[in-house]
Amino acid sequence: MIFVIILVVSMVAILGIARWVTWVLVNIENKYDNAGRILDLKDLASKNEVASALFRLVSEDGAGLWPPRAAHNRLPSCFQPYQDIYLELIPNLSTAIPALDDDINKQRIEEFRHKMSRLLCERVNILEVKHVLERFKLEGSRSLTQEIYNAVYCCVAVCRHAYRWGTIPVVKQAQNEIMLDFPMELNVPWSYLQRHFELSGESGNMTSNILLNFDQCGKRFYKVNITDSYKIATAEDIFSRIFFNIEVLAFPIYYEIALATTAFADQRKKGCIRHVKNIAKQIKKLLPIFFDNLRDSKIAHAVWLSHVQGFQAWGVGRIVNGKFEKHDGLSGNQLLFFSTIDAFLDLDRYLSDENMERYIPVNQRRLSLAIKNHSFRHKLDDGDVELKKYFKNIANYMRMFRSAHRSRARPYLEHPAPERLIMTAGKSVLETPKTKGFDDAYKPLDDMLMAQLQLTV
Ligand code: HEM
């Protein structure tokens, strides 16, 4: 028996190390290639709006790379307490088996929030926090590098999500809240950070909570479930990595889009064909990140809904001009890759203007908009057989993704979770007193997925 345990533990360790080594090698190769791509973009930026938007995204938000860099180990001293408090409290956030008793859950949530507010109040010097953010507003990266600013963004965002839920798995007691007062230590920096990224969302988003949560060695910094359960820990990790790794492979695609757009504008048809062909090829290489990982054997249905999804949801709001506005949490729909490919295919955008302004940082919005403005698919004529063929290939790959996503998402959401109401992270609580079961509650979202699938031609 002991031998079997040692064997299993060694296998897990070896697999872990192998994964890490692969990650580092791919990253080194990518960094080398990306440095050249970024120099090309800099040269092209004055001639082409897509290249200019991409260069701006990488050099401003990305701190010189994409996905964006975050220096979690170099926070300004006034933000260190936020990180310390998160890391100190997070082992108490999640519980293996949630209680089904409202009073017990209420007490858990209150205790967590009380402790977090008390520690924030005791340790954070809010004047110093304001001063640092105010200086960044005026002096930009001369006062604080973007990778440090990014780390601050991620840190404050995950602290807000931890406070929002107070316990994981998410329970009805917290889902039923409509508005929530946050400690000023979580509100004051948030308003600066959101203003910087020109966002109005109260919740974190794909950029703050997922993309910025990885450091340069591929380590995910802020975990949610500190647990002995291998199933829960790997489900949480693999799920986050899907999004991050998609953006790693998406950057060369954004670069090719900039080149294709420039070549088309310059009437260099051959070059344009080569770039659109590359885009199709690279999308084919990227999609297995989704297909190979969003499966029960890697991200277990049994743990995803209760332990992985809930933290990234939101579902409380605020009154604006006498009207209640509910804000949502994260969704795959916030990933830059999807909005840029839809724009390149000249398809309608999935997200509304309001949701773009709440959850997608302005430099990412600018990039999708520039690609849409310069999309040339509708300008092709009968002679552009090859270009049309490669555009069709891209649309077919995206259809494959959308139909697999539609069928794979459902069993995750359908899994029994008696502690909570039916909810997606991206659209909040779906259940109302009038809904009759899962199918009824989920139908509007499934219709949205179907509509986007049908649009993808
Ligand atoms: C268990 C995992 C997942 C579930 C249950 C799920 C569920 C959903 C639901 C219900 C929607 C429609 C509502 C909305 O816009 O938020 C949606 C949209 C979307 N999700 Fe997911 N999702 C999952 C994982 C993923 C992953 C891993 C990706 C990307 C790699 C992804 C990408 C998208 C995209 C791009 C959309 C917008 C619709 C579209 O463009 O077709 N989702 N998801």
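Attention here is on the structure that accompanies the text. All figures in this text were calculated on a predicted structure; none of them were measured in a lab.

1. Some points on unusual backbone geometry
Okay, step 1: Note that the residue after Trp-66, namely Pro-67, is joined by a cis bond; omega there is 0°.
Okay, step 2: Position of Pro-67 among the secondary structure elements: in the loop between helix 2 (49–61) and helix 3 (80–89).
Okay, step 3: Cis geometry marks the peptide bond from Ile-168 to Pro-169; its omega dihedral reads -5°.
Okay, step 4: If you trace the backbone, Pro-169 turns up in the loop between helix 6 (146–165) and helix 7 (172–175).
Okay, step 5: Unlike most non-glycine residues, Glu-198 shows phi in positive territory, near 55°.
Okay, step 6: With respect to the element layout, Glu-198 can be found in the loop between helix 8 (184–196) and helix 9 (206–210).
Okay, step 7: By relative accessible area, which is 42% here, Glu-198 ends up partly exposed.
Okay, step 8: One non-glycine residue, Asn-321, lies in positive phi territory at about 50°.
Okay, step 9: Mapped onto the secondary structure, Asn-321 falls in the loop between strand 1 (317–320) and strand 2 (323–326).

2. Focus on the site of the ligand
Okay, step 1: Contacts to the ligand come from 23 residues, most closely from Ser-331, Asn-333, Tyr-350, Arg-402 and His-405.
Okay, step 2: Within the side chain of Arg-402, one N or O atom sits 2.6 Å away from an oxygen atom of the ligand.
Okay, step 3: Every element with two or more residues in the shell around the ligand is listed here: helix 10 (230–265), helix 17 (385–414) and helix 18 (437–455).
Okay, step 4: Of all the elements, helix 17 adds the most residues to the shell around the ligand, at 6 residues.
Okay, step 5: Of the residues that constitute the shell around the ligand, the class distribution is 16 nonpolar, 5 polar and 2 charged.

3. As for the packing of helix 3 against helix 6
Any two packed helices are characterised by the angle at which their axes cross and by the distance between the axes.
Okay, step 1: Where helix 3 meets helix 6, the axes come as close as 10 Å, and the angle between the chain directions of the two elements is 40°. Relative to helix 6, the element helix 3 lies oblique. Where helix 3 crosses over helix 6, the two elements pack in a sense that is left-handed. Facing Tyr-82, Gln-83 and Tyr-86 of helix 3, the residues of helix 6 in contact are Cys-155, Val-158, Cys-159 and Ala-162.
Okay, step 2: A per-class count over the contact of helix 3 with helix 6 returns 6 nonpolar, 1 polar and no charged.

Conventions used here
- Residues numbered from 1 in each chain as written.
- Predicted model: local features only at pLDDT ≥ 70, side-chain atom pairs only at ≥ 80, totals over all residues.
- Heavy atoms only, no water.
- Helix = DSSP H or I, 4+ residues; strand = E, 2+ residues; numbered from the N terminus.
- Buried < 20%, exposed > 50% of the residue type's maximum accessible area, 1.4 Å probe, protein only.
- Near = heavy atom within 4 Å.
- Polar contact = N/O pair within 3.5 Å; in protein donor to acceptor, adjacent residues only side chain to side chain.
- Nonpolar A, V, L, I, M, F, W, Y, C, P; charged D, E, K, R; others polar.
- Axes fitted to C-alpha atoms, helices over the stretch in contact; angles between N-to-C directions.
- Parallel < 35°, antiparallel > 145°, perpendicular 65-115°, else oblique.
- Left-handed = near helix turned anticlockwise from the far one by under 90°.
- Contact = heavy atoms within 4.5 Å.

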